[in-house]
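# Examining the three-dimensional arrangement
Single-letter residue listing:
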Amino acid sequence: MLVLLGIAVVVAGFALRLNPLLTIVVAAIVTGVLAAVAPGAGIDGLTKAAVDTLALFGKAFNDNRYFHITWLVLPVIGLLEREGLQERARMLIRRIRAATPGRLLMVYLALRQGTSALGLTSLGGHPQMVRPLVAPMAEGAAEAANADISEDKRVRIRAMAAATDNIGLFFGEDIFIAIGSIVLIVGFLEQAGITVEALHVSLWAIPTAIAAFAVHTVRLWLFDRAVRS
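Treat the numbers as computed from the prediction; the structure is a model and nothing was measured.

The rules we used
Residues numbered from 1 in each chain as written. Predicted model: local features only at pLDDT ≥ 70, side-chain atom pairs only at ≥ 80, totals over all residues. Heavy atoms only, no water. Helix = DSSP H or I, 4+ residues; strand = E, 2+ residues; numbered from the N terminus. Buried < 20%, exposed > 50% of the residue type's maximum accessible area, 1.4 Å probe, protein only. Contact = heavy atoms within 4.5 Å. Salt bridge = Lys/Arg side-chain N within 4 Å of Asp/Glu carboxyl O. Core = buried A, V, L, I, M, F, W, Y, C linked by side-chain atoms within 4.5 Å. Expected span 1.5 Å × (residues − 1).

## Thoughts on the overall build of the protein
Tallying secondary structure elements over the protein gives 10 helices and zero strands in all. Scanning the protein from its N terminus toward the C terminus, one meets helices and strands in the order α-α-α-α-α-α-α-α-α-α. Buried positions account for 30% of the 229 residues belonging to the protein. Residue pairs in contact within the protein that sit at least 24 positions apart in sequence constitute 67% of those at least 6 positions apart.

## As for the pattern of salt bridges
Within the structure shown, the criterion is met by five salt bridges. Arg158 serves as the salt-bridge partner of Glu139, at 2.8 Å between the closest nitrogen and oxygen. Taken together, the residues Glu139 in helix α7 (residues 126-145) and Arg158 in helix α8 (residues 151-173) connect sequence positions 19 residues apart. Taking the relative accessible area as the measure of exposure, Glu139 reaches 2% and is therefore buried. Where Glu151 meets Arg158, a salt bridge forms, and the shortest distance between an N and an O atom there is 4.0 Å. Through salt bridges that share partners, Glu139, Glu143, Glu151, Arg154 and Arg158 make up one connected network.

## Regarding the nonpolar core
Core analysis: the largest hydrophobic core is formed by 21 residues, its most contacted members being Ile93, Leu105, Val130, Ile157 and Ala161. When residues of this core are traced back to their parent elements, those giving at least two are α5 (85-94), α6 (101-117), α7, α8 and α10 (198-228). Broken down by element, the residue count for this core peaks at seven residues, all from α7. When sequence neighbours within four positions are dropped, the list of residues in contact with Leu105 reads Val134, Met160, Ala161, Thr164 and Leu220.

## Digging into α6
Taking 1.5 Å per residue, 17 residues should reach 24 Å; α6 reaches 24 Å between its end C-alpha atoms and fits that length. When we look at burial in α6, the residues that qualify are Pro101, Gly102, Leu104, Leu105, Tyr108, Leu109, Arg112, Gln113, Thr115, Ser116 and Ala117. In this fold, the buried residues of α6 make contact with α5, α7, α8 and α10. Once α6 ends, the next one or two residues include Gly119, with phi positive near 90 degrees.

Right under this line is the structure:
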């Protein structure tokens, strides 16, 4: 019954509003140690059980290190932002005379859609690309033409940067044959008695992606005019 103390740790941690991740980790360690230690083993047995439990944590992390590395990048991005990454991005784009928020986002849309079509969906994203780089660069392009940009326009530029990333990913990833949405479509149609090849589904996603690119490009052109006004 001592193994159930892990549940008590979770309840206590949530009741005290402690860090959820820390609470879960402590509960897992408590459960693992109490499950591994033999009754009456003493301090030596308890120490060995703790070491074995931590070793299992390390083994699980090492076995799934390629999955966890994406999360390890986030603290690095946060550190770069703290050291002035956004300010440097703004300064860089201000030197390009022809840059505007719409033109910059058009280029990013093409890159995002093209890389997503190749299956490289992790090359973009809101936390790792839009917030630290794309949005500040779009703001810098707007500041180069008009230094007195209102806070409302800044918010709209950031929102359009995030929307551009979403559109590029959504309509680009369906071209990649090994993406989950293609597998879902093929499986759903097979259940309905319709047999299709995954390659055919991905090929038919190309006209949709082109149309989405054209429509959003027009939106970005109109957005440029709205920012300048």
